[in-house]
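Geometric and topological summary
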Amino acid sequence: RLGILVVRHLKRLERVILGYLEVSDGPEEEARLGILETLQCTIEHAWPRMPCRLPVLLKALLRMIWDVHTDLGPTPEPVRAALLQRATQCLILLDHCSKGQVKVLLEGVYSSCEENRVRECIRKVQES
């Protein structure tokens, strides 16, 4: 709703986003899905300010992707797929606003990762 005015609240909003990405909120993962949507909108509206936040956001998104992939809890498969898809979309947006820095940073992760699902997310970012 704030549009570009979200920049005024970016520091606080970043802390909230990071907090929600770290913690699973049950089988339906409504909070995580909602915060990924919030992150996507924030990146779209405040894209000039995103490159300086790239290291923190990239680390949090990769950690969340790994957690979703390795979690053996009761989360249904469609919810897992939605989480991975939205996180991948956020990574693609971060890559666009940082002029390809995400792709460069993910090259080493892709080559060292053996998990197909995580590699698939990274591949989508690299192909975008």
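Rules of the game
- Residues numbered from 1 in each chain as written.
- Predicted model: local features only at pLDDT ≥ 70, side-chain atom pairs only at ≥ 80, totals over all residues.
- Heavy atoms only, no water.
- UniProt positions renumbered as here; feature names shortened; annotations may be inferred.
- Disulfide = S-S within 2.5 Å.
- Buried < 20%, exposed > 50% of the residue type's maximum accessible area, 1.4 Å probe, protein only.

Per an unreviewed UniProt entry, the protein is named TTI2 protein, and its organism is Pitta sordida. A UniProt comment under Sequence similarities (unreviewed entry) is attached to the protein, and it reads "Belongs to the TTI2 family."

Bringing the state of the cysteines into the picture now. All chains considered together, the criterion is met by zero disulfides. Sulfur of Cys-52: no disulfide; nearest cysteine sulfur belongs to Cys-97 and is 9.7 Å away. With a relative accessible area of 57%, Cys-52 lands in the exposed category. Take Cys-90: it sits in no disulfide, and the sulfur closest to it among the cysteines is that of Cys-41, at 9.0 Å.

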